[in-house]
Amino acid sequence: AQAVECRLAHLIVDEPSSEDGEEAALLLGDAAWGKTVVARVEDRASGVLLVTLFDAAQSCVNEKLVAAGLARVEKGVARRAEPLVAALREHEAAAKKGHVGMWRYGDIEEDDAHEFGFRRPAPAPAPKGNPWKK
């Protein structure tokens, strides 16, 4: 058997050096290290397999990470991935509502950054008149 690089499908997890990233690595280790798991390949991106992991009890490890507030769901996924992502988003919404893990202080998404004075720069105004005429 040959090792193949994989990534958990449609999830964003903090680096292991952060508190939440370390907890995510520990949860993943508890769920999979030295155990038989099933990896369902959802997609491939730049030669890396995007997988959903299932433990011996057929419980989804990806959903466990999201429900524990240790992973976020990617935005803008392919249409064919919507059924999988919809289930992950339900777990993410429950984690946000329960202020679990990374959501303990509220929503960390950029969408709420405007509440703290962050604004995207306004687009440049369109030039007036016909730019082809002198």
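Located above this text is the structure these notes cover.
Residues numbered from 1 in each chain as written. Predicted model: local features only at pLDDT ≥ 70, side-chain atom pairs only at ≥ 80, totals over all residues. Heavy atoms only, no water.

Novice: Honestly, the environment of Arg40 in this entry has me stumped. Any pointers?
Specialist: Mapping Arg40 onto the fold places it in strand β3 (residues 38-45). Along the sequence, Arg40 and Phe54 sit 14 residues apart, while their C-alpha atoms lie 8.0 Å from each other. Excluding anything up to four places from it in sequence, Arg40 contacts Leu50, Val51, Thr52, Phe54 and Leu84. Engagement of the side chain of Arg40 in a polar contact is seen with the side chain of Glu42, the distance being 2.7 Å. (Helix = DSSP H or I, 4+ residues; strand = E, 2+ residues; numbered from the N terminus. Contact = heavy atoms within 4.5 Å. Polar contact = N/O pair within 3.5 Å; in protein donor to acceptor, adjacent residues only side chain to side chain.)

Novice: Explain the environment of Leu28 here, please?
Specialist: Take Leu28: it is sitting in helix α1 (residues 19-32). In the structure, Leu28 is positioned 34 residues away from Asn62 in sequence and 8.8 Å away in space, judged by C-alpha atoms. When neighbours within four sequence positions are excluded, Leu28 is seen to be in contact with Trp33, Leu53 and Val61.

Novice: What should I look at first to understand unusual backbone geometry in this one?
Specialist: Negative phi characterises most residues that are not glycine, and trans characterises most peptide bonds. With a phi angle near 65°, His10 is a residue other than glycine that sits in the positive phi range. The residue His10 is located in the loop between β1 (6-8) and β2 (11-12) in this model. On the basis of relative accessibility, which here comes to 5%, the residue His10 falls in the buried class. Although it is not a glycine, Ser46 adopts a positive phi angle of roughly 50°. Mapped onto the secondary structure, Ser46 falls in the loop between β3 and β4 (48-54). With a relative accessible area of 81%, Ser46 lands in the exposed category. (Buried < 20%, exposed > 50% of the residue type's maximum accessible area, 1.4 Å probe, protein only.)

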